[in-house]
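Structural features, examined
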Amino acid sequence: METLKIDIKNAISFLKQNDFDQYKELTKNADLALKNKTGKGNDFLGWYDLPERISKTELDEINSVASDLRLKSDVIVVVGIGGSYLGAKAVIEALSGQFDNLKNKKGNPLILFAGQNLSEDYMFELMEFLKDRVFSLIIISKSGTTTEPAVAFRILKKELETRVGKKEASERIIAITDASKGALRSMANQEGYKSFIIDDVIGGRYSVLTPVGLLPIACAGFNIGKIVTGAKDFLKISNSDDFSKNQVYTYAAIRHALYSQNKTTEILANFDPRLNFVAEWWKQLYGESEGKENKGIFPASVSFTTDLHSMGQYIQEGLRNIFETVISIEKPKHKLTVPSDSDNFDKLNFLAGKHLDFINKMAEQGTMIAHIDGGVPNIKITLPEINEYYIGQLIYFFEKACAISGYLLRINPFDQPGVEEYKRNMFALLDKPGFEEETKKIKERLK
Ligand code: PA5
């Protein structure tokens, strides 16, 4: 089986040899700290060997619940936010056909998401859409208390219970949450929902290979066994002590070598819109893991060639604090060529007979050279194709590199203390009981 490849020659060329070499030993040591559980946040390392620990029984159980939900639903609404949302959304978007959601194939329910925003219009329109459709719910919250999914779930649960009665609703709701803590656990136990546990030792943004990601992905009809195999195979590769053969070490080290030269923003670029949500997942993984103690590489993303007509100008000539990481896909799923045209009004006959993917690849190479010439270091990650197996590899690649990167920055990559700030203010402004002092202060500030 082929593997994900990484090419850093067009990033190294921006550095002095020692700028990169100094990170080799540090990177290996950071991985040792992960392996030996001696680094910061070492009570959140359950993801590290997870692909090897997932049993066939666990996968069978997830698949069986997914089959049941698929059979009885036109729509499955997955309710969650952050790490309880982005992994599933990313994988489903990457593996789905662009217009699959419009096809409405029998036995293939539509997977929709809720609880990842507080927009009244989003929720209203979702409820309108569900009106004449049979739906089920997957509610995902590790803490079981996050406001956005809790509010959305309250609305959806009420609608479901009104429509089909409490008993049937309880058979159409699956909860994924902590084993014993949180409001969602209590509710699931009391209402008799089928539930899956989010392991205590796995943080939200590292949870895509747990039921958090795997159940929605299985509900969408994809082979979760192959995703796990991809991750497992990559776990083995990423244990190689030989730096030149370890893509994870290479990525972590080159990012930090660039960061040390004031390249403080990393732009993840793709040339296939199916990967747009992989970029959203990646942004959360890296942003929430690294952005601490006034440090961290800012993760941004673009989808080319679309964004060459919006962000291309900035990347080419704006502030030179950026580097680009391009995810390149070797082989498209389908084949389509440009037709010949006898009138040739558009003067495009020079492209006749050429595959769109060939044209896309030339755009990719042309863009890379232009951006390098413009002073933007380039890291290239290549996947043979987009399928379950390679997505599994990509997930594990990014997860492990992220944890190592966090250690290179000397921060804890597994917590997110800063996320609490907005919540405190929001609760104070909403007059939540227990926040009276904060309410007084914040209302004063807003006067
Ligand atoms: O990565 C994280 O831990 C966070 O992004 C959480 O996933 C997110 O805040 C949602 O939390 P919960 O699953 O507790 O509702």
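Before any of the text, the structure's been laid out above.
About the thresholds
- Residues numbered from 1 in each chain as written.
- Predicted model: local features only at pLDDT ≥ 70, side-chain atom pairs only at ≥ 80, totals over all residues.
- Heavy atoms only, no water.
- Buried < 20%, exposed > 50% of the residue type's maximum accessible area, 1.4 Å probe, protein only.
- Helix = DSSP H or I, 4+ residues; strand = E, 2+ residues; numbered from the N terminus.
- Pairing = 2+ DSSP bridges.
- Near = heavy atom within 4 Å.
- Polar contact = N/O pair within 3.5 Å; in protein donor to acceptor, adjacent residues only side chain to side chain.
- Areas by Shrake-Rupley, 256 points an atom, 1.4 Å probe, with all protein chains shown as cover.
- Nonpolar A, V, L, I, M, F, W, Y, C, P; charged D, E, K, R; others polar.
- Expected span 1.5 Å × (residues − 1).
- Arc of directions from axis to C-beta.
- Contact = heavy atoms within 4.5 Å.
- Axes fitted to C-alpha atoms, helices over the stretch in contact; angles between N-to-C directions.

A few points about the pairing of strand β3 (residues 110–114)
In terms of burial, β3 is a largely internal element, five of the five residues being buried. Burial of the side chains of β3 extends over both faces: L110, L112 and A114 are buried on one face and I111 and F113 on the other. Pairing of strand β2 (residues 75–79) with β3, which is carried by five bridges, proceeds in the parallel orientation. Pairing of V77 across the sheet is with L112, part of β3.

Remarks on the site of the ligand
The environment of the ligand is formed by 13 residues, the closest being S84, S141, S143, T146 and Q284. Between S141 and the ligand, the recorded distance is 2.6 Å, taken from a side-chain N or O atom to an oxygen atom. Within the backbone of K142, a nitrogen or oxygen atom sits 2.7 Å from an oxygen atom of the ligand. For the ligand, whose free accessible area comes to 380 Å², the fraction covered by protein is 88%. Classifying every residue of the shell around the ligand by side-chain character gives one nonpolar, nine polar and three charged.

Some remarks on helix α15 (residues 356–373)
Under the 1.5 Å per step criterion, the end-to-end length of α15 is 26 Å for 18 residues, consistent within 8% with the ideal 26 Å. Listed as buried for α15 are K361, E364, T367, H371 and I372. Viewed along the axis of α15, the buried residues span an arc of 125 degrees, placing them on a single side of the element. Contact partners of the buried residues in α15: α1 (9–12), α14 (312–317), β9 (322–331) and β10 (378–385). Remark: G375 follows α15 within two positions and exhibits a positive phi of approximately 95 degrees.

Focus: the sheet that holds β2
With parallel pairing, five strands are arranged side by side in an open sheet as β3-β2-β4-β5-β6. Pairing within the sheet leaves two strands with one partner each, and these edge strands are β3 and β6 (194–197). Averaged over all adjacent pairs, the angle separating strand axes in this sheet is 20 degrees, with direction ignored. The sheet contact formed by strand β5 (residues 173–177) and β6 spans four bridges and is parallel. Paired with A175 across the bridge in β6 is S195. Helix α8 (residues 147–171) rests against β2, β3, β4 (135–140) and β5 of the sheet, and its axis sits at about 135 degrees to β4. Its contacts with the sheet place helix α9 (residues 183–191) against β4, β5 and β6, and it is angled at close to 145 degrees to β5.

Topic: unusual backbone geometry
Here the residue pair F304 and T305 is connected by a cis peptide bond, since its omega of 10 degrees sits within 30 degrees of zero. As for its placement among the helices and strands, T305 is situated in the loop between β8 (298–303) and α14. The residue K347 is not glycine, and still its phi comes out positive at about 60 degrees. Structurally, K347 is set in the loop between β9 and α15.

Treat this as a map of the structure, not an account of what it does.
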